[in-house]
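# Coordinate analysis (summary)
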Amino acid sequence: MPGLTAVDALAGVVGLGLLYVALKEKPRAPLPPGPKGLPVVGNVADMPSSEEWLTFSQWGEKWGGIVSVKLLGQPLIIVNSADVMSELDKKGALHSDRPRLVMAGELVGYAKTLVIMPYGAKFRNFRRYFSKLIGSNAAMKQFLPVEEGEAHKMLRRLLAKPDNLEPILRKTAGGLILMITYGITVREDEDPFVTLIEGANANFSTATAPGSFLVDVLPALKLVPEWVPGAGFKRKAREWYAAMMDMVERPYGYTKEQMSQGTAPVSFVSSLLDEEDKMTPEQIDDIKYTASSLYGAGADTTVSAMYAFFLAMTLFPEVQRKAQAEIDAVVGSDRLPSFADRENLPYTYAVLTEVLRWNSVAPTGVPHRAMEDDIIDGYLVPKGSIIIANLWQMLHDPQVYPEPFKFDPSRHIATPEKPAQRDPRHACFGFGRRICPGMHMAESSVWIVIATALAVFDISKAVVDGVEITPVHENTTGTISFPKPFKCTIKPRSEKAVALINESDEHRD
Ligand code: HEM
């Protein structure tokens, strides 16, 4: 090029370099507002130790839909507004990593299961399996008879032991998941698979409890050999790894055995192994670990929603009567409701929707991690931030759900006078590429329990020494939150209802 000197060329290169640096610079925006912390430790002392969703909501009232704090230099972003969450949602993968958990994820090995697996190719593969088998109402169709059968078993157990509600719901949810995942029928007494899996899940909870293991704060400690004094966490990790492997291998081995005998029912594992001869060992391993992710994420969550339904019916008898009237009119009293009735029972479906809103199963979701710097709602979300969605707040926002603590299914039904309130499904199942992959299974399992229980039982306040007990709706603290234990009375609605429950034995399972 005529007239271009070496100095010009150099200036050009420098200019391009500066432009590159400018483009690479962090987006210019402030961190979201939040409580002022101390030097070095930041907001450690501000963090709530229980019912954290309530403190986060108070911060939201003061600082808005997106709040930030720092814990020992680690930014934590708390999202209180559904609109801000949908902005994150639209960024897809960008905010869909999980925080690094050295003890639970790397040393024990739970990062090979879906809930805390880092975002990446393997993650996408696991999600594909979920999506193929239980990721839509159409895919779930093949499992609906199993759900009906388990609901019928629940009715029989409740008829026999009406005071045993919580353990019966655990059996129902566990039975459902083991049948759908592996084709395993759980035993009425202590079931060995349930014991095995619940043991491994308890280890998972202990291993992921915030602040339990120093190695999560100082990852280099993971290199310390087991025999060094103070390295007891390494021994624990080895034992928990063995329990996790049992959970992964043994139920899977059972399905394989059934398949080789030609007796395996349709299940998550048997369907995915249909073309086993064409699969690589890695693909088979992926199926094992995907399957083992179902129980951990699906059992307790379903129990919480089912238990909340019984609590709501105890506290709001007029809702119960209205749903029963709908079921009586549409289904009659000669048979139990089935999935074929779902579309014709809009109020009963709204009871399910309101259960999902009123009782937040995962009040603060599962933490995400930002993979890049980003601007959300005008604020900087730095790469590596941990993002917590306060789903409880979104489901109890009085601007969206007037009288949020009232259990009112009719808020989900549009009338000529007023539209339905926002569908709570936008908030109860999380966001981005991490949105709950079991939501269709959760909804159908809880719906069939609701519909069949309402058809044959009256649920009311317990009477102790002649005094009626009114339970209080309070939730336990934890990633998965349950209504605190309560008492209620469960009685069959009529002799005909008793006969229906007993006959259900002959039709299913
Ligand atoms: C009422 C019942 C349920 C509720 C309210 C619920 C809610 C949630 C929420 C809030 C998350 C976190 C999403 C996020 O990170 O943004 C989640 C994740 C997950 N859920 Fe559910 N869930 C329920 C039932 C189930 C069931 C029945 C299954 C499977 C059988 C299941 C499997 C999972 C899995 C595997 C994850 C982790 C997904 C990932 O990390 O990519 N859930 N669920």
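Structure first, text after, so check above.
The structure contained in this document is the topic of the report that follows. Here the residue numbers are simple positions, counted from 1 along each chain's written sequence. Local features in this predicted model are restricted to residues of pLDDT 70 or higher, and side-chain atom pairs are both shown and tallied only at a pLDDT of 80 or more, whereas totals for entire chains, interfaces and linings draw on every residue. Excluding hydrogens and water, the side-chain figures rest on all heavy atoms present in the structure.

Only DSSP runs of H or I covering at least 4 residues are called helices, and only runs of E covering at least 2 are called strands; the numbering of each starts at the N terminus. On the secondary structure map, S96 appears in the loop between α3 (82-90) and α4 (102-108). A sequence separation of 24 residues divides S96 from G120, and the C-alpha atoms of the two residues are 9.7 Å apart. Contacts are assigned to residue pairs with any non-hydrogen atoms lying within 4.5 Å of each other. Apart from the residues lying within four places of it in its own chain, the contact partners of S96 are Y119, H368, R369, G432, R433 and R434. Here a polar contact is recorded for every N or O atom pair within 3.5 Å, except that within protein the pair must consist of a potential hydrogen donor and a potential acceptor, and residues adjacent in sequence are included only if both atoms are side-chain atoms. Of note is the side chain of S96, whose polar atom sits 2.9 Å from the backbone oxygen of G92.

Turning next to the coordination of the iron atom of the ligand. Any nitrogen, oxygen or sulfur atom within 2.8 Å of a metal ion counts as a donor, with the limit raised to 3.2 Å for Na, K and Ca, and since water is left out, coordination shells can look unfinished. Exactly one protein atom donates to the iron atom of the ligand; that atom is C436 (SG), 2.3 Å from the metal. With respect to the helices, strands and loops of the structure, C436 is situated in the loop between α16 (425-428) and α17 (439-456).

Here we come to the site of the ligand. Here, proximity means that at least one heavy atom of the residue falls within 4 Å of the molecule or strand. Taken together, 28 residues lie near the ligand, and R98, R127, H368, R434 and C436 sit nearest. H368 is positioned with one of its side-chain polar atoms (N or O) 2.7 Å from an oxygen atom of the ligand. Of all the elements in the fold, those that place two or more residues in the shell around the ligand are α5 (121-134), α12 (281-315) and α17. For this classification, the nonpolar set comprises Ala, Val, Leu, Ile, Met, Phe, Trp, Tyr, Cys and Pro, the charged set comprises Asp, Glu, Lys and Arg, and every other residue, Gly included, is treated as polar. By residue class, the composition of the shell around the ligand is 19 nonpolar, six polar and three charged.

All right, on to the environment of M441 then. Here M441 is to be found in helix α17. Placed 174 residues apart in sequence, M441 and S267 show a C-alpha to C-alpha distance of 13 Å. Among all residues touching M441, those that are not within four sequence positions of it are I134, M140, E147, I177 and I180.

Quick look at the pairing of strand β6 (residues 386-389) now. By the alternation rule, side chains of β6 split into I386 and I388 and I387 and A389, which are all buried. Across four bridges, the pairing between strand β2 (residues 74-79) and β6 is parallel. Following the sheet pairing, V79 is matched in β6 by A389. Strand pairing follows a simple DSSP-based rule, namely that at least 2 bridges must link the two strands. Both strand β3 (residues 368-369) and β6 contribute to a ladder of two bridges, which runs antiparallel. Bridge pairing links H368 to I387 in β6. Only protein chains enter the accessibility calculation, which uses a 1.4 Å probe; a residue whose area is less than 20% of its type maximum is buried, one above 50% is exposed, and one in between is partly exposed.

In a helix, the anticipated span is given by 1.5 Å times the number of residues less one. Here helix α13 (residues 317-331) spans 21 Å end to end across 15 residues, near enough to the 21 Å set by a 1.5 Å rise per residue. Every buried residue of α13 is accounted for by V319, Q320, A323, Q324, E326, I327 and V331. Projected down its long axis, α13 carries its buried residues within an arc of 155°, all on one side. Every exposed residue of α13 that faces more than 90 degrees away from the buried side is listed here: R321 and A329. Its buried side turned inward, α13 meets α12, α14 (346-358), α17 and β7 (457-461). Taken from the residues just after α13, G332 is the one with a positive phi, measuring 80°. As used here, the arc belongs to the directions running from the helix axis to the C-beta atoms.

With that out of the way, let us pick up the packing of aromatic side chains. We call Phe, Tyr and Trp rings a pair once their centres come within 6.5 Å, taking the six-membered ring for Trp, and we label the pair stacked below 30 degrees between planes, edge-to-face above 60, and tilted otherwise. Counting across every chain of the model gives 13 aromatic pairs. An aromatic cluster is present here, built from F316, W358 and F407 joined pairwise through their rings. Note on geometry: a ring has a charge over it if NZ (lysine) or CZ (arginine) is within 6 Å of the ring centre and within 35 degrees of the ring normal. Over the aromatic face of W447 sits the side chain of R342, whose NZ or CZ is 5.9 Å from the ring centroid. Positioned over the ring face of Y401 is R357, at 5.2 Å from the centre of the ring.

What follows covers the pattern of salt bridges. Just to be clear on terms, a salt bridge is a Lys or Arg side-chain nitrogen sitting within 4 Å of an Asp or Glu carboxyl oxygen. Under the criterion given, the structure shown has 27 salt bridges. The partner of D328 in a salt bridge is R493, with the nearest N and O atoms 2.7 Å apart. Here the residue D328 occupies a position in helix α13, and R493 occupies one in the loop between β10 (488-492) and α18 (495-507), the gap between them amounting to 165 residues. Given a relative accessible area of 28%, R493 falls into the partly exposed group. Each of R100, E106 and K222 takes part in salt bridges that share partners, so that together they form one network.

A negative phi angle characterises most non-glycine residues, just as the trans form characterises most peptide bonds. A positive phi is found at L72, a non-glycine position, where the angle reads about 50°. Within the secondary structure, L72 is located in the loop between β1 (66-71) and β2. The phi dihedral of D465 falls on the positive side, at around 50°, and the residue is not glycine. Residue placement: D465 occurs in the loop between β8 (463-464) and β9 (467-468).

Strand order across the open sheet formed by four strands is β1-β2-β6-β3, with mixed pairing between neighbours. Every interior strand has two partners, whereas the edge strands, β1 and β3, have only one. Running over the sheet, helix α2 (residues 52-63) touches β1, β2 and β6 and is turned about 120° from β1. Interaxial angle, 0 to 180 degrees, is taken between N-to-C directions of lines fitted to C-alpha atoms, where a helix line uses only the stretch in contact. The sheet contacts of α3 involve β1, β2 and β6, and relative to β2 the element is tilted by about 120°.

Moving on: the packing of α13 against α17. Between α13 and α17, whose axes approach to 9 Å, the crossing angle comes to 90°. It follows that α13 is roughly perpendicular to α17 by the angle criterion. On α17, the residues that touch Q320, A323, Q324 and I327 of α13 are A451, L454 and A455. Roughly parallel means an angle under 35 degrees; roughly antiparallel, over 145; roughly perpendicular, 65 to 115; everything else is oblique.

Taking 1.5 Å per residue as the helical rise, α14 with its 13 residues ought to reach 18 Å, and the 18 Å between its terminal C-alpha atoms agrees with that figure. On its buried side, α14 packs onto α12, α13, α15 (391-395), α16 and α17.

So, on to the pairing of β2. Of all six residues in β2, five are buried, a share of seventy percent or more. Relative to β2, β1 runs antiparallel, the two being bridged by six bridges. Residue V67 lies in a different strand from β2, and its bridge partner there is I78. Counting the residues that bridge the hairpin from β1 to β2 gives two residues, and of these L72 lies at a positive phi of roughly 50°.

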